[in-house]
Each structure stands twice: as C-alpha cells, then as structure tokens.
Amino acid sequence: MSFYILPEAKRLSIPANFDLDKLIEDYPPDFKFTKDFFYYLAHPIHEVCLWNDKIRDSEYVPLSATKLQSLNHDYYRMHLDYLIKYGVLKEDTRYQPKNYCKGFKLLPPYSESEVRHIEITDKKLVKKFTKWNNTSEDTKEKYTHLYNSFIDKRLVIDREAAIQYSKLVYEMDSDNGLENAMKKHNLRLIKIDKFHNNNRGFKQDKWGRIHTNLTGMDRALRNFISYDGNRIVEIDMPNSQPLLSILPLMENYPNININHFHYNHNTNTIMLVDSDDIADDLEIYKYIGLVLNAKLYAYLIDKFNELEQGVYFNSEDSDEVKKQAVKDMVFGTFFSKNDKYFNGKETLHKLFPWVFSAFEKVKAWQHNKLAVTLQGIEAEIVLDTACENIALAYPEKKLWTIHDSISCIEGNEDIVKEYLREAIKQRIGLVPPLKTKIWCPENLDNRMAA
C-alpha cells in the first residue's frame, strides 16, 4: 500500500520548469483566476502519480471534480481549460463510465522536469488543505506515545545530504537506462521535503497497520534520519510474513504443535525435537523450522538453483537479487488470488504442498484474507503489545514503528529487543533471532553516500 501524504497547508510540489508568471504574462486569462489554484492543479498530477502504485505507471491521473469544486466552485474548470489550451495539461477525452474521475497528465517539458516546492498564500485554499490531513484523531489517541515520538521536531532528516544522494542515484539510473528515473528521483525529493517540513501523516488502516512518512520512506533515505543528534536503531522480525504465517498454518493443521521445537543455546538455533508423532507432518514442521531460524529464503534460493537454474535468477546474480526473487514468489502465494500465476508458484507447491495448500484454503473465499490476517497479527505484536508495554515501563523512550519493526535511539535497542521478543513469544511461542540495523549514511555504497 502506498501512503500518500496530502499537501501541507502552504506547500505544494510542482515541476521546476513550470513558469506560471510568464505563462500568465504571455496569455492573460480572461476569467477570475487564482495563481495558487493553478499551482494546485499541477501539484496532484505531478505528485499523486508518484505516490500511488496503481496510478504511477498510468498515462493519466484521475482528478475528482467534486474535490476541485470544493476548492474553487465557480472557476475550477476554467483553470483546467486554460492549462490545457496552453500546453501544460492534456485531458483524457475517451469515453468513461458515469461518475468516473476524468484523467489528466502533464505534457513535456513539464512531465520530464525535476520537482520544486512552493508555498501558497491563498487563505481559502490553505484553510481547506488544513482540513485534509493525514492524522487520524482516533489513531493519535490510541497510540499517543508513538504519535508524540513521530511528530517530535527533533526527529530530522539531513535534507541536503539526502537530496545529494537522490541526485547521485538518479544519475546512475539514467546512465543505466532505467525507466522513470526522473519520477523515482522526484518521489524521493518529495518525501525528503515533506519530512523536513514536518508534514507527517499518522493513520491506521482497517487491518491494523499504522502509516506514516517513515513507512513510505525509501530504506536508503532513512539512513539520513536522526533524533536530536543521535543515531536511530531499527529492530525487526526477520522474514516477518512467513513467521506470522505459522499461526494460520497451525490453525489449518491442529495436530501441529510448536512445542516440538526448542531453542538450542549451543548452536543458537531453534531445533525440532525428535518424535515419532511428527513423521506424517514433517514437511510442515520443516517449513516452520526454516521460518523460525530465518532460513526460508536461503533454502528456497538453493532449491531454485537446483531445480530451476537460470529460470528466475542466475547463479552470478547478487544475493539481494536472488532473495528478492524468492521473496516475491512467497508473497505471491500469500497475497495473490489462488488462480493467479506468478513466477515459481509450481515449484513452491512442489516443495511445500501441504503448507501452500493450507494458505490457499484461507484465501478460498476472500483472496486477501491471509494478508489481512498476517497484518492483524503483526499490529497486535508490534503496536498493541511490544510498543504498549515499552511505553508503560519507559514512557520517556522514543519509539517509531515501520510495520514489522520498532526503531529507537541508539543505546535503547536492548530494551526494545526484550519487549519485542516477549511479544512474539506470547503470540507464536518461539522467537527467531531479531535483526538490528543502525540508520546512518555509512550503510550506503561509498559512491552514493553524501
């Protein structure tokens, strides 16, 4: 899910080469116009197509006439027609069903420009934008501790270093012929600007996850975020979705018992206890053991190298490329419709037929049922148990969540680990080794770090 942060009350993102003053001087509008509304019309087309996964690769961006009317009732269409007439926008004139939002797109050279940010002054627009916020009062009240940590102005991003990093990535992407390199660069610039200017959303979706600027931030860009001069440490559950899938799996096979596993301190791994009553379910126990030891993806990489060599990735590909390939396959099983084909599906079912058939049973009547279930378990563990208990015991500690992870100021990670382990143990029964990562520019390639 992409999380779109609405415009901060006075700040919009537009193409850097959109010279509205010159356009108006050359072609004076023959109606009562508002410069800031012209800017706003360029803003959602330029920005929404970057944030929204479904729209990003579409040619046209749908704009709600109802919402535009609420901003400029009498003249919104005249503003649109003006920008269309003078080559800024193009409207999708193909037939659309009733109540379908009309589509618009920016034309070159505006569609190919780097983004810039402006502040508007129209009081009516500012007032209405203020009402369109991304902070849910219910969520804020429910998770006060997390909300206060997130809006704390001491949580900052090194704006200049992050922008320089984005430019370097853009140059490399362009040199490599990557499609939409400018769009990706602009989206990074928008995320950086919003975080820097404290335009921070805080909402919980209906499945339990909290969405903020951090959850929508590129992993690389988080390395430029710090708190009051201190580095931030992220602690997360490795292979979290497969880990959480143990619970619905065991619900489908009630004879599976997590107590057949124990933690071996000598090898620092979770071992399967020898027992005669597990022989018939060895495949399921094997899957659970791989997940508990955070080795599922490594196992799948080896198997795909053996069974499907060169089909989905090559032996010379990086570990990251291989891991992403098998991760996409597993997520395809978790989240797609049962009848949808995706790479590696048949091989996954050959390796773990009972496991993946159980997941398909969960999705039989509702294809997103498994995804919803996993996200609900995740929110229960991270938000409602671990973070809640930390906040009660250490109300002064700052916490930030990114779905399956909890971040804190460097030096507090042992506390977070203790409570996150306990929350996982309460819900699942055993705890895999947790991953720890410090946010700092040194994590980036030397060629990229600012």
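This write-up is about the structure you can find in this document. These figures come from a predicted structure and were not determined experimentally. (Residues numbered from 1 in each chain as written. Predicted model: local features only at pLDDT ≥ 70, side-chain atom pairs only at ≥ 80, totals over all residues. Heavy atoms only, no water.)

1. Observations concerning the overall build of the protein chain
Put simply, the rule reads: Note on conventions: DSSP H or I runs of at least 4 residues are helices, E runs of at least 2 residues are strands, and numbering of each starts at the N terminus. For each residue, the accessible area found with a 1.4 Å probe, counting protein chains only, is set against the maximum for its type, and the residue is called buried under 20%, exposed over 50%, and partly exposed in between. Contact criterion: two residues are considered in contact whenever any of their non-hydrogen atoms come within 4.5 Å of each other. What sets the accessible areas is the Shrake-Rupley method with a 1.4 Å probe; for residues, cover comes only from the shown protein chains.
Of regular secondary structure, the protein chain possesses 20 helices and 15 strands. Taken across its 450 residues, the protein chain has 51% of its residues classed as buried. Once local pairs closer than 6 in sequence are excluded, the contacts in the protein chain between residues at least 24 apart make up 73%. Per element, the accessible surface of the protein chain, about 22,900 Å² overall, is 47% carbon and sulfur.

2. Notes on the environment of Y60
Relative to the elements of secondary structure, Y60 occurs in the loop between α3 (53-56) and β2 (61-63). Between the alpha carbons of Y60 and D92 there is a distance of 6.9 Å; along the sequence they are 32 residues apart.

3. Here we look at the pattern of salt bridges
How we decide: A carboxyl oxygen of Asp or Glu within 4 Å of a side-chain nitrogen of Lys or Arg is what we treat as a salt bridge.
This structure, assessed with the given rule, holds 17 salt bridges. For K398, the salt bridge is made with D152, and the minimal N-O distance between the two is 3.1 Å. Highlighted residues: K398 in the loop between α19 (369-393) and β13 (399-402) and D152 in the loop between α8 (144-151) and β6 (155-157), separated in sequence by 246 residues. Measuring nitrogen to oxygen at the nearest pair gives 3.8 Å for the salt bridge that ties K303 to E306. Pair noted here: K303 and E306 are both in helix α15 (residues 296-307), with a separation of three residues, about one helical turn. With relative accessibility at 56%, the residue E306 sits in the exposed group. Within this structure, R77, D81, E91 and K102 form a network of salt bridges that share partners.

Interpretation note: all reported values are geometric properties and have no functional meaning in isolation.
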